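This is what each chain is made of:
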Amino acid sequence: MSSDPIRALGLTDDPRFVAPEKLGGKSAGVHDGVAITENPATGEVLGGVRLDGSAALDRAINESIEAFKKWREVPAPARGQVVRAIGEEFRRVKEPLGELVSLEMGKIRAEGLGEVQETIDIADYAVGLSRQLPGQVFPSERAGHRMFEQWLPIGPVGVITAFNFPNAVWGWNAMLAAVCGDTTIWKPSLLTPLVAMATNAAAERVAAKMGHAGVFKLVIGTDDAVGKPMVADRRLPLISATGSCRMGRAVGQAVAARLGRSLLELGGNNAVIVHSDADQELALRSTVFGAVGTAGQRCTTTRRLLLHESIAEKFTERLVAAYKQVATRIGDPLKEGTLIGPLANAAAVEQFLAAVKAAKAQGGEVLFGGERAAPNGLKGHFVQPTIIRAPRSNKLPIAMEETFAPILYVFTYKDLDEAMAMHNGVDQGLSSAIFTESIRASERFLSPTGSGSDCGIANVNAGTSGAEIGGAFGGEKDTGGGRESGSDSWKAYMRRQTTTINFGGKFELAQGIRFE
Ligand code: UN1
C-alpha cells in the first residue's frame, strides 16, 4: 500500500469520522449511532462514522431539491463539464480511493483500482452524453403540426448501493443523473461508509468549486432511520437500488405504492455453459475469474457451471487443478500477488458455511474447498474457493439461491435444450455466458425468438462478470428489470415529454375526428 488511504483522502478531517482509538474497543457494526467499519482481511477497526437519522435525511432532501432547481437550469453540456472535472478528480485520487475500496471492502488492489476506473469511465461516457440526450421527431398526421419528444430532468434521485461495489455503482447513477440535470442523495451500505464519504466528497468538492454545491448528497444511516423513509418519500421521483432480491422486493413495492419509479439491480445466479466444442482454456480462465474474482461477491459472479457430458470430467479435473493454484493466493487484498480477498463480514462466512452444508445434505459433492481459510494467520473473514458437483439428478436446491461467496456448483447436460432449461431454471436473470466454437450453439443461446438466455447480459466466449460501462447493465426476473450504466440507461433519470406544435394555426384533430 502506497500510504494510509484514510488519511490521504482527508477522511480524518471529516466531522463525521471517529478515530479508532475513540471507539472504546468496540467491534464492527452499529453502536450508539456510530457505524464502525473494519478491514475484513484483519478484523482491524478502521474507524467510525456518525450516522444520520430521519431528520438529516429530510434536510438533505430539502437541500437537494433546492440544488436541483438551480442545476436543471445549467445547460446539459455545461453540466457535462462539471462531470468532466469530477472524472479528472477521480483520476487524481484513483490510487488512494482504490486502496480504500480494498481496505474497507476486501477486493484485491487491482479490482479496487478497477472499480474507481469504472467510475472514471462512466464519467467520460456521461460527458459525451451531455451533448446528446436525444429525443425523437415523429411525422404528424395533421397538416401544419410538428411532433417530437424531449427529455427533461426528473428531480432528486435516491441512490441505494451495496457494499460490493461501494464506489462504481454510485458512479453509474450519479454521473448519469448529473448530466441529466438531476441531483442525487446517496445511501451507501453501512459496511463501506468510508469509501462513500471519500467518493461523494470528491464529486461534491468539484461541483461546489464550480458553483454547484449540493448536487451530490450523502446520507449514511440504517435502513429503518434512512432507507425506509427515503424510499417512501414522494419528493424523490426515482429510487435506484442495488442489492439483494429481498431488499429490492421491499424497495420496489414501497416505491410502487406511491407510484414512484424504481430502478432495481438485484441478485444474480449466473451460469456459464461450456459446450462440447468449446475452447476449454478460454472457458477455464473465464470461469475461474468469474467464480472466485472479488471472492464471489459480485452480482455477476459465476455461480453455476453447466458442462456438456462429453467434456465434463476432464474440464472438472482442470478446474480443480486451477482452484488448487488460486487457493495458494488467498490473502491480504492489498498485497501483491493476492487473487482472493476476504468476505465482507462474519455473517457472510456463516452464510457460505451454511450453503456448503446444505449442498452436501442435498447430495452435492465438494470437489474443492468448502471451509474457512486463515491465510498467514490473518484474522479476517476468509473462505476457500469452493467447487461443488451436483448429484447425477442435477437436483441441488441450494444452487437456486444466490450465496454471496465463492461457491461454484457444477452440473452436467446432454444437449443444448437441457442446458438452456437448466440455465433459465432459476429465479434470477442477470448475466450468462456460453463457451462454444459453433455458430449454432451460440445462436441457440442468443436466439432472437427469446428462447435462449433469459438474462439481461448474455456473452459468447466471455465470462459472466466484468461488464464494460458502455452497455446497459442489469437483468430480468428477480434481478429487477432495471438497466444502469451505458446504452440508453440515462432515460431512467429523465422524464419524457411528447410535444405537438400546431404551427399551421388551423384547428385539426387526430384520427380524422370532425368537431364542427
Ligand atoms: C455488481 O456486482 O453489483 O460486470 C456490479 C461487473 C462489474 C459490475 C458489477 N462491472 O462485474
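Basis of the calculations
Residues numbered from 1 in each chain as written. Predicted model: local features only at pLDDT ≥ 70, side-chain atom pairs only at ≥ 80, totals over all residues. Heavy atoms only, no water. Phe/Tyr/Trp six-rings, centres within 6.5 Å; stacked < 30°, edge-to-face > 60°. Helix = DSSP H or I, 4+ residues; strand = E, 2+ residues; numbered from the N terminus. Lys NZ or Arg CZ within 6 Å of the ring centre and 35° of its normal. Pairing = 2+ DSSP bridges. Axes fitted to C-alpha atoms, helices over the stretch in contact; angles between N-to-C directions. Contact = heavy atoms within 4.5 Å. Expected span 1.5 Å × (residues − 1). Buried < 20%, exposed > 50% of the residue type's maximum accessible area, 1.4 Å probe, protein only. Polar contact = N/O pair within 3.5 Å; in protein donor to acceptor, adjacent residues only side chain to side chain. Near = heavy atom within 4 Å. Areas by Shrake-Rupley, 256 points an atom, 1.4 Å probe, with all protein chains shown as cover. Nonpolar A, V, L, I, M, F, W, Y, C, P; charged D, E, K, R; others polar. Domains from an automatic or database assignment.

**Q** Give a description of the packing of aromatic side chains that names residues and reports values.
**A** Per the stated rule, a full pass over the model turns up 7 aromatic pairs. Their ring planes at 50° and their centres at 4.8 Å tell us that Trp-172 and Phe-473 sit as a pair that is tilted. Within this pair, whereas Trp-172 is found in helix H6 (residues 168-180), its partner Phe-473 is found in strand S22 (residues 472-473), the two being separated by 301 residues in sequence. A cation over an aromatic ring shows up here: Lys-107 above the ring of Phe-165, its NZ or CZ 3.5 Å from the ring centre.

**Q** Lay out the sheet that holds strand S12 (residues 270-274) with the relevant residues and their values.
**A** In a beta sheet, neighbouring strands are held together by backbone hydrogen bonds and run either parallel or antiparallel to one another. Here we have 7 strands laid out as an open sheet, ordered S14-S17-S18-S13-S12-S20-S21, and mixed in their pairing. The open sheet has two free edges, formed respectively by strand S14 (365-368) and strand S21 (457-460), since each of these has just one partner strand. Each strand of the sheet is rotated relative to its neighbour by a mean of 25°, with strand direction disregarded. Sheet analysis places S14 next to strand S17 (residues 386-389), joined by 3 bridges and oriented antiparallel. In the sheet register, Val-366 faces S17, and the bridge partner there is Ile-388. Docked against the sheet, helix H12 (residues 346-361) engages S14, S17 and strand S18 (407-413), running at close to 25° with respect to S18.

**Q** Tell me about helix H10 (residues 280-292), residues and numbers included.
**A** Relative to the 18 Å expected for 13 residues at 1.5 Å per residue, H10 spans 18 Å between its end C-alpha atoms, a close match to the ideal helical length. Turning to H10, its buried residues are Gln-280, Ala-283, Leu-284, Ser-286, Thr-287, Val-288, Gly-290, Ala-291 and Val-292. Against the buried residues of H10 lie S12, strand S13 (302-308), helix H11 (312-327), S18 and strand S20 (431-435). With a side-chain oxygen positioned 3.2 Å from the backbone nitrogen of Glu-281, the residue opening H10 is Asp-279. Residue Thr-294 follows H10 closely and has a positive phi angle near 55°.

**Q** I'd like a rundown of the site of the ligand, residues and numbers included.
**A** Within the structure, the ligand sits among Glu-118, Asn-164, Phe-165, Trp-172, Glu-265, Arg-298, Cys-299, Thr-300, Ser-465, Gly-466, Ala-467 and Phe-473. Within the side chain of Thr-300, an N or O atom sits 2.6 Å from an oxygen atom of the ligand. Contact between the ligand and Ala-467: an oxygen atom at 2.7 Å from a main-chain N or O atom of the residue. For the ligand, whose free accessible area comes to 320 Å², the fraction covered by protein is 99%. Counted by class, the shell around the ligand contains 5 nonpolar, 4 polar and 3 charged residues. Counting contributing residues per domain, the shell around the ligand is built from domain 1 (53-266 + 480-496) and domain 2 (270-468), each supplying no fewer than three.

**Q** So, the sheet that holds strand S10 (residues 238-242): which residues are in play, and what are the values?
**A** Reading across from one edge, S9-S8-S7-S10-S11 is the order of the 5 strands in this open sheet, with parallel pairing throughout. Whereas interior strands pair on both sides, the edge strands pair on one side only; in this sheet they are strand S9 (216-218) and strand S11 (261-265). Neighbour-to-neighbour, the strand axes of the sheet open up by a mean angle of 20°, direction not taken into account. Relative to S9, strand S8 (residues 184-187) runs parallel, the two being bridged by 3 bridges. By the bridge assignment, Thr-184 is partnered in S9 with Phe-216. Together, S8 and S9 form the strand contacts of helix H2 (residues 54-71), whose direction differs from that of S8 by roughly 155°.

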